[in-house]
Amino acid sequence: MSLSPARAPGSGTAVRRLTGTLYGYAFLDDLVLLYPVYALLFRDTGLTVWQISSLFGLWALTGVLLEIPSGAWADAVSRRLLLWVGPLLTAAGFALWVLAPSYWAFALGFVLWGVKGALGSGALEALVYEELDRLGAADRYAGLMGRAQAAGLVAVMAAVGLAGPVLAFGGYPAVGLASVLACLLTALVATRFPEHREAPGPGGPDEGWARTLRAGLAEARGDRPVRAALLLVPAVTAVWGALDEYTPLLVRDTGVSDSAVPLWLLLIWAGATAGGLLAGVGRRLGDRGFAWLLAASAVSLAVGAAVRSPAGVALVAVAFCGFQLASVLADVRLQERIGGTGRATLTSVAGVGTDLATVGVYGLYAVAATATGHGVAFALFALPYLLTASALAASERPVRRARASASRARP
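Residues numbered from 1 in each chain as written. Predicted model: local features only at pLDDT ≥ 70, side-chain atom pairs only at ≥ 80, totals over all residues. Heavy atoms only, no water.

Before going further, it helps to spend a moment on the overall build of the chain. When you go through the chain residue by residue, the secondary structure sums to 17 helices and zero strands. Burial statistics for the chain: of 411 residues in total, 49% are counted as buried. Accessible surface, the chain: about 18300 Å² in total, of which carbon and sulfur atoms supply 68%. (Helix = DSSP H or I, 4+ residues; strand = E, 2+ residues; numbered from the N terminus. Buried < 20%, exposed > 50% of the residue type's maximum accessible area, 1.4 Å probe, protein only. Areas by Shrake-Rupley, 256 points an atom, 1.4 Å probe, with all protein chains shown as cover.)

Take a look at the structure:
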């Protein structure tokens, strides 16, 4: 666990610069008007369902293969460099989609998008945490990252609202142009991130990449608290992150009209946004409080999905609020327990675990929803959170007993 130094004079200005850059980056990174309509673009181009599914698989596979190597690279070279190069790759992919729409153009675009995601995953969290730690403000990490994720969700809602009018005005080229501009602005804002890193050691970045990868993986193997924090991130993040893709189908099954589905989805996203904003307060939760948060969110998800009514959607929104908060807090625990130089590497390891678990949830959900319907499938996926909550509560009991024994032993 890193210990924050005393706050230096002038650190307030530096923190404000970092904060403003982070919020701007998070908002612009998700202000992509293609998000709500790219499936329509694929369909209108003539792609089959299997072809569209293969594109999603290629996207996920790219991230899985590159996430850990890119995290080690971020530890060996400039994290800021990776954060501004990534959006340029996505901009190129989006431009290709609308200028030359075809299966292979979409495939290349998803590969570029996957590379961008791998470059930024781990690098952003590591840069923000270490800059805050340098300024003596590491205790503000939870609140900052929670608000940054909330800013991204607000951008998604804005993109949903703007995509329709822009599509009606100028078609897919106009939506694509707006998305490319958002990526370019994201890259520009990323260049403003402060970064104070030591130069690569002997052998240059290539040898530094291998060294940081080995050091990061060794810390994961040898440090039990770090290993537990690594496992907690996918356990908390993967299930609800995958379920988010199916929320339109869940809402439609409640009986609302298709035109009303986006309005109910906004309620769910608003719940997730609120969860991000609560991260600063939630940071005080210990293992027991974290377990209760997961358990309460799981019950809310199960009940809200099972009742199959619009009122149940509100409970799903409450559940997503809790899951978003828990996801931020799981990342905070990981960052606080990493003590070596491989911060981005280890964060990327957690990201790979999340990606792999998410793919597994996609497959299990398809089986469950086909057999039982979307409401029951959502309710069933509350079970992993109850198991995780039980494991956290069980891990807290020996700690409480040890503290009690130590208290009794005092004269």
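On to a nonpolar patch on the surface, then. Taken together, the side chains of V299, V303, V307, L315, V376, L380, L383 and L386 define a hydrophobic patch exposed on the protein surface, amounting to about 610 Å² of accessible area. With respect to the secondary-structure elements, L383 resides in helix α17 (residues 383-409). (Patch = residues over 30% accessible without salt bridge, like charges linked within 9 Å, V, L, I, M, F, W, Y side chains within 5 Å. Salt bridge = Lys/Arg side-chain N within 4 Å of Asp/Glu carboxyl O.)

Our next topic: the nonpolar core. In this structure, V128, F193, F290 and L301 are the most contacted members of the largest nonpolar core, which totals 85 residues. For this core, the leading source of residues is helix α14 (residues 310-337), giving 12 residues. Setting aside residues no more than four positions away along its own chain, L301 makes contact with L243, V316, A319, F320, F323, F378, F381 and A382. Residues V37, L47, A163 and V175 belong to the second largest nonpolar core, which totals 23 residues. (Core = buried A, V, L, I, M, F, W, Y, C linked by side-chain atoms within 4.5 Å. Contact = heavy atoms within 4.5 Å.)

So, on to the packing of helix α7 (residues 141-190) against helix α11 (residues 261-277). One way to put it is that α7 packs onto α11 with a least axis distance of 7 Å and a crossing angle of 160 degrees. As the angle between them shows, α7 and α11 are arranged roughly antiparallel. Handedness of the crossing formed by α7 with α11: left-handed. Together, G146, R147, A150, L153, V154, M157 and V160 of α7 and L266, W269, A270, A272, T273, G276 and L277 of α11 make up the contact between the two elements. In terms of residue class, the contact of α7 with α11 is built from 10 nonpolar, three polar and one charged. (Axes fitted to C-alpha atoms, helices over the stretch in contact; angles between N-to-C directions. Parallel < 35°, antiparallel > 145°, perpendicular 65-115°, else oblique. Left-handed = near helix turned anticlockwise from the far one by under 90°. Nonpolar A, V, L, I, M, F, W, Y, C, P; charged D, E, K, R; others polar.)

Summed over all chains, the structure comprises 21 aromatic pairs. For the pair F42 and W97, a centre-to-centre distance of 5.4 Å together with 80 degrees between the ring planes defines the contact as edge-to-face. Linking F42 in helix α2 (residues 38-45) with W97 in helix α4 (residues 79-99), this pair joins segments that are 55 residues apart in sequence. A single burial state applies to F42 and to W97, both of which are buried. An angle of 65 degrees between the planes, with centres 6.1 Å apart, marks the rings of W97 and W113 as edge-to-face. (Phe/Tyr/Trp six-rings, centres within 6.5 Å; stacked < 30°, edge-to-face > 60°.)

Moving on, we come to the pattern of salt bridges. Two side chains bearing opposite charge may form a pair once their charged atoms approach each other closely. Evaluated as defined, the whole model comprises four salt bridges. Note that D29 and K116 form a salt bridge whose closest N and O atoms lie 2.7 Å from each other. With D29 in helix α1 (residues 11-30) and K116 in helix α5 (residues 103-120), the pair connects residues that are 87 residues apart, well separated along the chain. The burial state of D29 is the same as that of K116; both residues are buried. Note that R134 and E131 form a salt bridge whose closest N and O atoms lie 3.3 Å from each other. With a gap of three residues between them, R134 and E131 both fall in helix α6 (residues 123-134), about one helical turn apart.

It is worth spelling out the confidence of the model for the chain at this point. Across the chain, pLDDT averages 82, with 85% of residues at or above 70. A low-confidence stretch, residues 1-5 stays under pLDDT 50, and its non-local contacts, those more than four residues away or across chains, total 14 contacts. Throughout residues 401-411 the model reports pLDDT below 50, and contacts reaching past four residues in sequence, or to other chains, amount to one contact. (pLDDT = per-residue confidence, 0-100.)

A separate point is the packing of helix α13 (residues 287-306) against α14. Viewed as axis vectors pointing N to C, α13 and α14 meet at an angle of 150 degrees, and their least axial separation amounts to 8 Å. Between α13 and α14, the angle falls in the class roughly antiparallel. The two elements α13 and α14 cross, and the hand of that crossing is left-handed. Of the residues belonging to the contact of α13 with α14, the class tally is 18 nonpolar, five polar and two charged.

The next point concerns α6. Along its 12 residues, α6 runs 16 Å from first to last C-alpha, staying within 8% of the 16 Å computed at 1.5 Å per residue. Most of α6 is tucked away: 10 of the 12 residues are buried. By the burial criterion, the buried members of α6 are A123, L124, E125, A126, L127, V128, Y129, E131, L132 and D133. G136 occupies a position one or two residues after α6 and carries a positive phi of about 75 degrees. (Expected span 1.5 Å × (residues − 1).)

For R308, which is not glycine, the phi torsion reads 55 degrees and is therefore positive. Topologically, R308 is positioned in the loop between α13 and α14.

Here we come to the environment of L181. With respect to the helices and strands, the residue L181 is situated in helix α7. Exposure remark for L181: the relative accessible area of 45% places this residue in the partly exposed category.

An ideal rise of 1.5 Å per residue puts 40 Å on 28 residues; α14 measures up with 41 Å between its terminal C-alpha atoms. Across the 28 residues of α14, 22 count as buried, placing the element largely inside the fold.

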